[in-house]
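Close look at the chain arrangement
Chain by chain, the residues:
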Amino acid sequence: MKRFIWPLAVLVVLLVTNVIHTHTFFNVELRGGHLYGSLIDILRSSAPLALVALGMTLVIATGGIDLSVGAVVAIAGAIACLRISDLGDQGSVAGVLGAVGIAIALALVLGVWNGFLVATVGIQPIIATLILMVAGRGLAQLITDGQIITVNSGPYKMIGAGYWLALPLCVLIAAAVIALAAVLVRRSALGMLLEAVGGNAEASRLAGIKSRWLILGVYVFAAVCAAVAGLMISSNVSSADGNNAGLLIELDAILAVVIGGTSLSGGRFSIAGTVLGAVIIKTLDITIYTIGVPPEVTLLFKAIVVIVLCLAQSPKFRTVFKAGSRRRRSVPVAARADEKVQVRA
């Protein structure tokens, strides 16, 4: 819990800043059996990012990185919308489920490809996933033929914009996937094995751990999480844009993982911290619009906040900062002592 103190403090500061500018920020209303409000909007927008960051967390835990998740987001949304647009009845639940199944199946194949390049061929993760990052974005544009595919499907709209039990369905889906992943990695030996592979791959291999299958598995899981996020994003706007969907989401996902306390060198990881990081990033996005930060400095403002948070989380930086503060406070004392010596002389 101690490692979450600074991220929680930053989240509280962001929320208080929003309340100062919008006094009704914390208001949540129940209308037509659905909950509405700024806090609900934060949860809704955090759901896709939390899923992508979840997959990224397990990949990073093994000492890898996945830069292709944004492309997988675009591909999943594109293939699903293309399939739905070809349906005679876009309101068909069976047809929509078939389109969703095709998107997830394609994501599985892409995840296996990444895992194969990293675990079997031995290509560095950043290079292996960079290949799909570039090629995948091109594949998404080929699927959409360079156009924005628009659909009019109620069942598909439910994934990203629907409600169930008064809450956004996308939030419930993300919560279910996150809870399942947490149970698998923390209530079994899987989490320990992932940390062992990320901490020292060679030692884990000598200990009998089948690291290749674990690495392959986490890349597949990351791709599936990205595909579900892509379905949420495209269904929320009832369209697929192969060029812009999921653009730079891989960077936000990595930021969420880092903010949550997961080591980029592999080994130690935190799913709860990653979810908290995703919520902080989306709260920051909303805060930027709320306080009226000019669009031309939005990215710079966001980067400064993230840098401050990361520095505050760094034990080494805090130690150096405290040492510098003590040194500055001790200088006047030493100076006064010198003055007294001179007076006596």
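To start, this report covers the structure provided alongside it. In this text the structure is predicted, and so the values were computed from the model without any measurement.

Orientation of helix H6 (residues 154-161) relative to helix H10 (residues 211-237), taken along the N-to-C sense of each, is 115°, at an axis distance of 7 Å. Between H6 and H10 lies a crossing whose hand is left-handed. Contacts between H6 and H10 involve Tyr 156, Lys 157, Ile 159, Gly 160 and Ala 161 on the former and, on the latter, Leu 231, Met 232, Ser 234, Ser 235, Asn 236 and Val 237. Of the residues assigned to the contact of H6 with H10, the class counts are 6 nonpolar, 4 polar and 1 charged.

Its boundaries defined by the atoms lining it, the largest pocket holds a volume of some 710 Å³. Around the largest pocket sit 24 residues that line it, and Leu 247, Ile 249, Asp 252, Lys 282 and Asp 285 are the ones nearest its centre. When contributions to the lining of the largest pocket are tallied by element, the ones reaching two or more residues are helix H2 (38-61), H10, helix H11 (249-259), helix H12 (271-290) and helix H13 (298-313). Considering only residue class, the lining of the largest pocket consists of 14 nonpolar, 5 polar and 5 charged.

Remark: a regular strand shows side chains that alternate across the two faces of the sheet. Of the strand pairs in this sheet, strand E1 (residues 28-31) and strand E2 (residues 34-37) are connected by 4 bridges, and their pairing is antiparallel. Opposite Val 28, over in E2, you have Gly 37 as the bridge partner.

What follows covers the nonpolar core. Counting residues in each nonpolar core, the largest one holds 90 residues, and the members touching the most others are Met 56, Tyr 156 and Met 232. For Met 56, the residues in contact, after removing those within four places along its chain, are Ile 65, Asp 66, Val 69, Glu 250, Ala 253, Ile 254 and Val 257.

This part is about the pattern of salt bridges. With the rule as written, the count across this model stands at 3 salt bridges. Between Glu 29 and Arg 31 there is a salt bridge, with the nearest N and O atoms lying 2.8 Å from each other. On the basis of relative accessible area, Glu 29 is assigned to the partly exposed category, the value being 41%. By relative accessible area, Arg 31 is classed as partly exposed at 45%.

Analysis parameters
- Residues numbered from 1 in each chain as written.
- Predicted model: local features only at pLDDT ≥ 70, side-chain atom pairs only at ≥ 80, totals over all residues.
- Heavy atoms only, no water.
- Axes fitted to C-alpha atoms, helices over the stretch in contact; angles between N-to-C directions.
- Helix = DSSP H or I, 4+ residues; strand = E, 2+ residues; numbered from the N terminus.
- Left-handed = near helix turned anticlockwise from the far one by under 90°.
- Contact = heavy atoms within 4.5 Å.
- Nonpolar A, V, L, I, M, F, W, Y, C, P; charged D, E, K, R; others polar.
- 1 Å grid on protein atoms, 1.4 Å probe; cavity = no way out; pocket = protein on both sides within 12 Å on 5 of 7 lines; lining within 4 Å.
- Points joined across faces, edges and corners; volume = space filled by probe spheres on them.
- Pairing = 2+ DSSP bridges.
- Core = buried A, V, L, I, M, F, W, Y, C linked by side-chain atoms within 4.5 Å.
- Buried < 20%, exposed > 50% of the residue type's maximum accessible area, 1.4 Å probe, protein only.
- Salt bridge = Lys/Arg side-chain N within 4 Å of Asp/Glu carboxyl O.

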